[in-house]
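Overview (structure and organization)
Chain by chain, the residues run as shown.
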Amino acid sequence: MVFNVVILSPHGYFAQDNFLGYPDTDGQVVYILDQVRTMETEMLLRIKQQGLDITPKIIIVTRLLPDAVGTTCNQRTEKVYGSEHSYILRVPFRTEKGIVRKWISRFEVWPYLETYAEDVANELATELQTKPDFIIGNYSDGNIVASLLAHKLGVTQCTIAHALEKTKYPNSDLYWKKLDEKYHFSCQFTADLIAMNHTDLIITSTFQEIAGSKDTVGQYESHTGFTMPGLYRVVHGIDVFDPKFNIVSPGADMTIYFPYTEEKKRLKNFHPEIEELLFSQVENKEHLCVLKDRNKPIIFTMARLDRVKNLTGLVECFGENARLRELTNLVVVGGDRRESKDLEEQAEMTKMYGLIETYNLNGQFRWISSQMDRVRNGELYRYIADTKGVFVQPAYYEAFGLTLIVSFFEKCKADPTHWDKISKGGLKRIEEKYTWKIYSERLLNLAGVYGFWKSVSNLDRREARRYTEMFYAFKYRKLAQSVPLAVE
């Protein structure tokens, strides 16, 4: 059984209020917090069923930020809301000159991670007074730190990529030299290769992440073979048929994201604020452009404003489709129009401003800055459902087709019951397949299975481990040391 779990998300700005990820890994922060609460509930249930008197612990390890900008990120420990035995442990990045005080982009963390892993090992020894049973890494930085810790401590390791940057930036392997000054992909791709080969199990949300489809290459599949000219050539980076791959889809926090039909639970006290966000005729730094006809159904999307999430692509498609503009309004929530510090976000904002002007979208389109209140956001989704609207995910690596949206609204106009049929079918599928309870049951089952295999078989794969050790020492370490340290 699993009693002590460590979850790694080193990048920082991991808090439960205000900032969430800032803006690199906001979805990852929400994912982990929801994951932890349901894992704890499942662990407590299993311990009780076994008749044991043991208190489990789940520790989220992230970066401590002395310059916390109005968040709790400068506190060493913080209990996870809604939990009994789970908390956040923050450990700072440090160099020979001392603690690094400021936030650093996820593309620039590489020179700090080896020292960070050693510091985390010491902190965990103090907190747990024993070794953890299970270590889970998140994203490239968390996965390489998880690999170092699992190797040092000899415990079962799980990696969750969330997003492998190699497929998000086409040809980034071939043109790594051109991109390395900004993104340091030489470090990241090397770290990804080490982590995915060192780990005992890999969790993905979909099959497409592993092996793609007939038209696209999977995120992991793209690491099977590739070349970074002048650096190295990969001839067998990963085996996508390896049994370490497992599909465990996350759910949604049903205390926040419950169906719009559950009237007694609805948070209608938020409706004046939501109506202000959506329909106010005032334009300011929080919302730009107005909706002239509020009776139209709303096409709604909310995500980080970067190239891959492709919010500007959705806006462009909407602008070019006269029939869709006649049938619906478009509302986009994303980007910090107040004070963005992210270069990619700034570039997408400039593109968004250009699209608004090119397609004369004012009157049918509303652009709202990022909203951090999750509870109100849950009611915002339900409010959109009240309008018989739809949520769209236009990201490059998600299933999306504009013609489907147009035909859907055409059919809704001809048959008013069509929207209700689709809505009920979607809710039924979520209840059957995509809940955090199902997720936590499967993840803890896998932790037990792979932990057992690791202890009784040769799953340790010594030859592969020795090779990754060599790859780390002779390639990754030098690449990480070449990344400039942050200027304080």
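Scroll up to find the structure this text is about.
Residues numbered from 1 in each chain as written. Predicted model: local features only at pLDDT ≥ 70, side-chain atom pairs only at ≥ 80, totals over all residues. Heavy atoms only, no water.

Turning next to empty space enclosed by the protein. Applying the stated criterion across every chain, the model contains one cavity of 30 Å³ or more. Here the largest cavity is characterised by a volume of approximately 50 Å³. Looking at the largest cavity, the residues that line it are Asn-143, Thr-159, Ala-161, Leu-164, Asp-192, Ala-195, Met-196 and Tyr-220. The element best represented in the lining of the largest cavity is helix H6 (residues 185-198), accounting for three residues. Residues of the lining of the largest cavity, tallied by class, amount to five nonpolar, two polar and one charged. (1 Å grid on protein atoms, 1.4 Å probe; cavity = no way out; pocket = protein on both sides within 12 Å on 5 of 7 lines; lining within 4 Å. Points joined across faces, edges and corners; volume = space filled by probe spheres on them. Helix = DSSP H or I, 4+ residues; strand = E, 2+ residues; numbered from the N terminus. Nonpolar A, V, L, I, M, F, W, Y, C, P; charged D, E, K, R; others polar.)

This next bit is on the sheet that holds strand E2 (residues 57-63). The sheet built from eight strands is open, its strands ordered E3-E4-E2-E1-E7-E8-E9-E12 with mixed pairing. Of all the strands in the sheet, the pair left with one neighbour each is strand E3 (77-79) and strand E12 (245-247). Strand-to-strand twist of the sheet, defined as the mean angle between neighbouring strand axes without regard to direction, takes the value 25°. In terms of strand pairing, strand E1 (residues 4-9) meets E2 through six bridges, oriented parallel. Looking at the pairing, Ser-9 lines up with Thr-62 of E2. Its contacts with the sheet put helix H2 (residues 113-128) on E1, E2 and strand E4 (86-91), and the angle it makes with E2 is roughly 150°. Packing of helix H15 (residues 436-456) onto the sheet brings it into contact with strand E7 (134-138), strand E8 (156-160), strand E9 (201-204) and E12, and relative to E8 it is tilted by some 135°. (Pairing = 2+ DSSP bridges. Axes fitted to C-alpha atoms, helices over the stretch in contact; angles between N-to-C directions. Contact = heavy atoms within 4.5 Å.)

Turning our attention to the sheet that holds strand E13 (residues 287-288). Taken in spatial order, the five strands line up as E13-E16-E15-E14-E17 in an open sheet, and their pairing is mixed. Sheet topology places E13 and strand E17 (390-391) at the edges, where each strand pairs with a single neighbour. Here helix H9 (residues 311-320) sits on the sheet in contact with strand E14 (298-302), strand E15 (329-333) and strand E16 (365-368), set at roughly 170° to E15.

With that out of the way, let us pick up a nonpolar patch on the surface. Taken together, Val-449, Phe-452, Trp-453 and Val-456 make up a surface patch of nonpolar side chains, about 380 Å² in accessible area. With a relative accessible area of 36%, Trp-453 lands in the partly exposed category. (Patch = residues over 30% accessible without salt bridge, like charges linked within 9 Å, V, L, I, M, F, W, Y side chains within 5 Å. Areas by Shrake-Rupley, 256 points an atom, 1.4 Å probe, with all protein chains shown as cover. Salt bridge = Lys/Arg side-chain N within 4 Å of Asp/Glu carboxyl O. Buried < 20%, exposed > 50% of the residue type's maximum accessible area, 1.4 Å probe, protein only.)

Relative to the helices and strands, Val-487 resides in the segment after helix H16 (462-482). In this structure, the C-alpha to C-alpha distance between Val-487 and Val-100, residues 387 residues apart in sequence, is 9.2 Å.

Once that is clear, we can look at the packing of aromatic side chains. Summed over the entire model, instances satisfying the criterion amount to 23 aromatic pairs. Judged by centre distance (5.0 Å) and plane angle (5°), the rings of Tyr-183 and Phe-185 are stacked. Phe-185 shares its class with Tyr-183; the two are buried. Through a chain of ring-to-ring contacts, three or more aromatic side chains come together here, namely Phe-107, Tyr-169, Tyr-183, Phe-185 and Phe-189. Seen from the ring of Phe-258, Lys-265 lies directly overhead, with NZ or CZ sitting 4.6 Å from the centre. Lying across the ring of Phe-279, Arg-294 places its NZ or CZ 4.2 Å from the centre. (Phe/Tyr/Trp six-rings, centres within 6.5 Å; stacked < 30°, edge-to-face > 60°. Lys NZ or Arg CZ within 6 Å of the ring centre and 35° of its normal.)

Overall, the coordinates contain 26 salt bridges when judged by the stated rule. Between Asp-420 and Lys-388 there is a salt bridge, with its nearest N and O atoms 3.1 Å apart. Placement of the pair is Asp-420 in helix H14 (residues 418-433) and Lys-388 in the loop between helix H12 (374-386) and E17, with a sequence separation of 32 residues. Judged by relative accessible area, Asp-420 falls into the partly exposed class, the value being 24%. Between Lys-437 and Glu-441 there is a salt bridge, and its shortest N-O distance comes to 3.0 Å. Of this pair, Lys-437 and Glu-441 are both found in helix H15, four residues apart, which corresponds to roughly one turn of the helix. You can call Glu-441 partly exposed: its relative accessible area is 27%. Residues joined by salt bridges that share partners form a network here, namely Arg-266, Glu-379, Arg-382 and Asp-386.

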